[in-house]
Amino acid sequence: MPSKNKTLTDSLEAILTSAATLEEADELKALGIKVRRPTKLTVVLAALYKKAAGGDLSAIKELLLRLGPDDAEGGRGVVFIDDIKNTDK
């Protein structure tokens, strides 16, 4: 009998790799995302991008995690500079 975690992981993977609905595909097109066969994962990542573009730091961090580690040869990295002053003090 498979473990609950394995079953949950398999179920989630099946959902995320399933085809996006026509409505979801239209939303992607409206965002300028052109994909031949969009999946639910494409829709989730687009929503995550929208949040990140709006300044949601947790969404930005999650997107950076999805991009993977820095390429040792290409130096594909992002540096955040915190220049916001704390006026509460």
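As shown above, the structure is provided for reference.
Residues numbered from 1 in each chain as written. Predicted model: local features only at pLDDT ≥ 70, side-chain atom pairs only at ≥ 80, totals over all residues. Heavy atoms only, no water.

K.L.:
Requested: an account of the packing of helix α3 (residues 40–53) against helix α4 (residues 57–67), with residues and values cited.
P.N.:
At a minimum axis separation of 8 Å, α3 and α4 run at an interaxial angle of 130°. Compared by their axis directions, α3 and α4 come out oblique. Crossing handedness for the pair α3 and α4: left-handed. Across the interface between the two elements, Leu45, Leu48, Tyr49, Lys51 and Ala52 from α3 touch Ala59, Ile60, Glu62, Leu63 and Arg66 from α4. The residue makeup of the contact of α3 with α4, split by class, is 7 nonpolar, no polar and 3 charged. (Axes fitted to C-alpha atoms, helices over the stretch in contact; angles between N-to-C directions. Helix = DSSP H or I, 4+ residues; strand = E, 2+ residues; numbered from the N terminus. Parallel < 35°, antiparallel > 145°, perpendicular 65-115°, else oblique. Left-handed = near helix turned anticlockwise from the far one by under 90°. Contact = heavy atoms within 4.5 Å. Nonpolar A, V, L, I, M, F, W, Y, C, P; charged D, E, K, R; others polar.)

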